[in-house]
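Observations on the three-dimensional arrangement
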Amino acid sequence: MTISNPMVCAPTRWQRRRSAFVCASTLVGLTALVACGSDGNDSTTTPLASGSPTVGAPVASDMGLGPVGTDMTTGQPPPGGLASTVVPQGTSPVTTSPGAPPPQPSIGVPGPTGVAAPPPSGTVTETPVLPSGPVASTPTPGPDVVPGPATPPEDEIHNTDHCISGYDPEPTDASMGESFATYDEAGQTDATVQPEVIEWMERNVWQEAHFQWHQVRRCGGGGFGGFGDQGLIDPCSYPDMLPEANECENARDGYEFLVMHRHMIQSLKQLWPNHTEQFEGWDKFPSEADYPELLRQYYSEWPDAVKQDADIADNIDQHMDMFADEGELGQWLQCGSLQGGVGMGSLHGSLHFNGYPQQNQGHSVANQRRNLDAYLFWKLHGWIDKVWEKYRIANGQTPDEPKLRDELIAQCREMDALAALIDPTLPGPGGGPVEEIGEEEGYFHEVVRPILSDNKCDTCHGAGEEAGLRLGYQISSADIVARLVNADAAYASGYKLVVPGDPDNSWLYLKMSGGSVSSGVQCQGVMNCAQRMPPTMGQTVPQEDLDKVRQWILDGAPAPTAK
């Protein structure tokens, strides 16, 4: 099933393209380079030995399972089909079959000993979710619970650019239960995040968007090429969405993996600031005692190889020489390999396949379509995030560095773009309205913009708008020109991006031609804003292309017109 939304991702000749080069975080200056392409090595690592099918199973991402509701070991649906009850923590598990009346659980609050204390009353109602996914249940506040406002109308969802400003707290932050909720299926009980969180993620199609975020990184052969269940869209049919690196291909993918999940963790903590524990990771790689008690029966002891890697990760500040940069760290944590291949026993994969009920995968950490619902998902990704942050601190990096800031925005907007493809009623990247781009003509549109695309300028300066600069991807040529002409360069003090009639003082042209290197510019915010762009490891923009860009500026940098 393919959902077409031309207003969101209409293919154009200026689409994002896969490339084998190193892109910088800004066209107008950045200190560090970020790996953007293949290193030419596709070797894989040796699978780890394991006595349990839940540990060391092949996985290249958060989703190493087949269709929703299938058993990990048999590939068959559990007996009786999917039951569908999410029960807040502290209630008696009740399994219901489809069509049965909902049970009457209550929201549990952990007592001083960790055991749920008697909760206020509430009811559970069944709410439909995306096709082919399980039915998740959300609690309806009872008489002792202060209800929040009703689900906002569609035009109030994503009504600000949350990729820059973040999210305001949800009204349910005042009434939501603590710790995890429970979900019952096929006679087994799993731990999920609270139903209010699941409902928000369903409304904003986060589960499916996250799944497709991984799937699009398999379009070029990344990971294991997916696990059979394609999902609600085929992301490979949208060239605009193709990333610079396949899953587990290189350090670029490793960095995006880390940033993407940090974006989600930070967003949920903004939405529920009084319940951040639900999205907080383990401080150390977990042992059986770190799992919720109800899941310990499904836990298998870690193989020695996993324990050895976990010790490296927990003490990453003592192993800094193992990784050239944080992208390599992310590649190793996700894939267990630095050779451009998929590791069978990565720490990330091992955590996704331990401590979950195999006959109950409706919201399981091992369910590739719904694993965001799992309480364990945020524990394991929170731990990975802590390992990464420990590495960053040891490396002298700060949370406000431009490279990280820009990549967080880029990953947020990629999630929004995927969500808008899945559900066209949602706004596009950044939460703003999606407007159809009409046909255009003129020298910039027909000559200059293709040059920017052919030389990969819109790779780093597309949806992510690194350094506040957008040169392609879901934007009209007229808007690009409006953002360039007489606009201040982000880091090059005293320079405008484009000065009509004066290419030698136009920072865009100087960066493309290399004139920025000898300009004597004073950089603000980054150390080396004079670096030539794009940083293509010896390749430069062809002189013929430079002459055309120069001529456009000499002619007054005219904007394109609508056909």
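Small disclaimer: the values here were computed from a predicted structure and weren't measured. Every chain begins its residue count from 1, and numbering advances along the sequence as written. Reporting of local features is limited, given that this is a predicted model, to residues whose pLDDT is at least 70; pairs of side-chain atoms are given and counted only at 80 or more, and all residues count toward the totals for whole chains, interfaces and linings. Side-chain figures throughout are based on the complete set of non-hydrogen atoms in the structure, without hydrogens or water.

A few points about the overall build of the chain
If you tally the helices and strands in the chain, you get 15 helices and 11 strands. Note on classification: 1.4 Å probe, protein chains only; a residue is buried when its accessible area is under 20% of the maximum for its type, exposed when over 50%, partly exposed between these limits. Taken across its 563 residues, the chain has 58% of its residues classed as buried. By definition in these notes, contact holds between two residues if any of their heavy atoms fall within 4.5 Å. Residue pairs in contact within the chain that sit at least 24 positions apart in sequence constitute 70% of those at least 6 positions apart. Surface summary for the chain: the accessible area is close to 21,100 Å², and the carbon and sulfur share equals 51%. A helix here means a DSSP run of H or I that spans at least four residues, while a strand means a run of E at least two residues long, and both kinds are numbered starting from the N terminus. In these tables, accessible area is a Shrake-Rupley quantity obtained with a 1.4 Å probe, and a residue counts as shielded only by the protein chains included in the view.

Remarks on the pairing of strand 8 (residues 181–185)
Walk down a regular strand and you will see the side chains alternate between the two sheet faces. Across the five residues that make up strand 8, a large majority, five, are buried. What you see with strand 8 is no split at all: Ala181, Tyr183 and Glu185 on one side and Thr182 and Asp184 on the other are buried throughout. Note on pairing: two strands pair once DSSP finds at least 2 bridges between them. Across five bridges, strand 8 lies against strand 9 (residues 188–192) in antiparallel orientation. Bridge pairing in strand 9 links aspartate 184 to threonine 189. Linking two consecutive strands that pair antiparallel, namely strand 8 and strand 9, is a turn of two residues; a positive phi of about 55 degrees is found at alanine 186 within it.

Let's talk about the nonpolar core
Residues enter a nonpolar core if they are buried and are Ala, Val, Leu, Ile, Met, Phe, Trp, Tyr or Cys, with the set joined through side-chain atoms within 4.5 Å. In terms of nonpolar packing, the biggest core is built from 75 residues, with Trp206, Leu333, Leu347, Trp378 and Trp383 touching the most fellow members. For tryptophan 383, the contacting residues outside a window of four places in its chain are Gly281, Trp282, Asp283, Lys284, Phe285, Ala313, Asp314, Leu347 and Leu351. Membership of the second largest hydrophobic core comes to 34 residues, among which are Val448, Leu469, Val481 and Tyr495.

Remarks on helix 6 (residues 304–314)
Among the residues of helix 6, those classed as buried are Val306, Ala310, Ile312, Ala313 and Asp314. In this fold, the buried residues of helix 6 make contact with helix 7 (326–335), helix 8 (347–352) and helix 9 (375–394).

Quick look at the pairing of strand 9
Of all five residues that make up strand 9, five are buried, and the element is covered over most of its length. Every second residue of strand 9 is oriented toward a common face, with Gln188, Asp190 and Thr192 on one face and Thr189 and Ala191 on the other, all of them buried.

Quick notes on the packing of aromatic side chains
Each Phe, Tyr or Trp ring (for Trp, its six-membered ring) is paired with any other whose centre lies within 6.5 Å, and the angle between the two planes then decides the class: stacked below 30 degrees, edge-to-face above 60, tilted in between. For the structure shown, the criterion picks out 17 aromatic pairs. For the ring pair tyrosine 167 and tryptophan 200, a centre distance of 5.5 Å and an interplane angle of 85 degrees mean the geometry is edge-to-face. On the criterion of sequence distance, the pair formed by tyrosine 167 in the loop between helix 2 (162–165) and strand 8 and tryptophan 200 in helix 3 (residues 195–203) is long-range, its members being 33 residues apart. Residue classification places tyrosine 167 among the buried positions, given a relative accessible area of 15%. Judged by centre distance (4.7 Å) and plane angle (70 degrees), the ring pair of phenylalanine 377 and tryptophan 378 falls under edge-to-face. When its relative accessible area of 0% is taken as the criterion, phenylalanine 377 is described as buried. Assessed through its relative accessible area of 0%, tryptophan 378 is described here as buried. Through pairs of rings, three or more aromatic residues link up here, namely Tyr167, Trp200, Trp206, Trp272, Phe279, Phe377 and Trp378. Counted as over-ring charges are cases with an Arg CZ or a Lys NZ within 6 Å of the ring centre that also lie within 35 degrees of the ring normal. Residue placement shows arginine 217 over the ring face of tryptophan 213; its charged tip is 3.7 Å from the ring centre. Above the ring of tyrosine 255, the side-chain terminus of lysine 403 is found at 4.5 Å from the ring centroid.

Observations concerning the state of the cysteines
Only a pair of cysteine sulfur atoms within 2.5 Å qualifies as a disulfide here. Evaluated as defined, the whole model comprises four disulfides. There is a disulfide in this structure between cysteine 248 and cysteine 335, and the S-S distance comes to 2.0 Å. Linking cysteine 248 and cysteine 335, the disulfide has an S-S dihedral of approximately -90 degrees and is accordingly described as left-handed. Here cysteine 335 lies in helix 7 and cysteine 248 lies in the loop between helix 4 (206–215) and helix 5 (251–271), a separation of 87 residues in the sequence. We note that cysteine 248, like cysteine 335, is buried. Here cysteine 523 pairs with cysteine 529 through a disulfide, and the sulfurs are 2.1 Å apart.

Topic: unusual backbone geometry
One non-glycine residue, asparagine 486, adopts positive backbone phi at about 60 degrees. With respect to the helices and strands, asparagine 486 occurs in the loop between helix 13 (477–484) and helix 14 (507–513). Overall, the relative accessible area of 45% leaves asparagine 486 in the partly exposed class. Phi at alanine 557 is positive, roughly 50 degrees, even though this residue is not glycine. The residue alanine 557 is located in the loop between helix 15 (543–554) and strand 11 (561–562) in this model.

So, the environment of glycine 327
Within the element layout of this structure, glycine 327 appears in helix 7. A residue is classified by how much of its surface remains accessible, and glycine 327, at 5% relative accessible area, is buried. Through-space distance from the C-alpha of glycine 327 to that of glycine 254 is 4.8 Å; in sequence the pair is 73 residues apart. Apart from the residues within four sequence positions on either side, glycine 327 is in contact with Ala251, Gly254 and Tyr255.

Points about the pattern of salt bridges
The term salt bridge refers to a pairing of a side-chain nitrogen on Lys or Arg with a carboxyl oxygen on Asp or Glu at a separation within 4 Å. Considering all chains together, one arrives at 27 salt bridges under this definition. The salt bridge partner of glutamate 247 is arginine 218, with a shortest N-O separation of 3.0 Å. Of this pair, glutamate 247 sits in the loop between helix 4 and helix 5 while arginine 218 is found in the loop between helix 4 and helix 5, placing the two residues 29 residues apart along the sequence. Residue classification places arginine 218 among the buried residues on the basis of a relative accessible area of 5%. Between lysine 386 and aspartate 283 there is a salt bridge, and its shortest N-O distance comes to 2.6 Å. Separated by 103 residues along the polypeptide, lysine 386 in helix 9 and aspartate 283 in the loop between helix 5 and helix 6 bring together distant segments of the chain.

Some remarks on the confidence of the model for the chain
Any region with low pLDDT has predicted coordinates that should not be read closely. Looking at the chain as a whole, the pLDDT averages 73, with 66% of positions reaching at least 70. pLDDT is defined as a per-residue confidence score from the predictor, taking values between 0 and 100. Mean pLDDT in the chain bottoms out at strand 4 (residues 109–110), which sits at 29, and peaks at helix 9, which reaches 98. Taken together, the stretch residues 1–85 has pLDDT below 50 and engages in 313 contacts with residues farther than four places along the chain or on a different chain. Low pLDDT, under 50, characterises residues 89–159; the predicted model gives this stretch 145 contacts beyond four residues in sequence or across chains.

Structural notes on the environment of leucine 408
By secondary structure assignment, the location of leucine 408 is in helix 10 (residues 402–422). Relative accessible area serves as the criterion here: at 15%, leucine 408 is assigned to the buried category. Once the C-alpha coordinates of leucine 408 and histidine 261 are considered, the two residues, 147 residues apart in sequence, prove to be 9.5 Å apart. When near neighbours in sequence (up to four residues on either side) are disregarded, leucine 408 contacts Val259, Arg262, His263 and Gln266.

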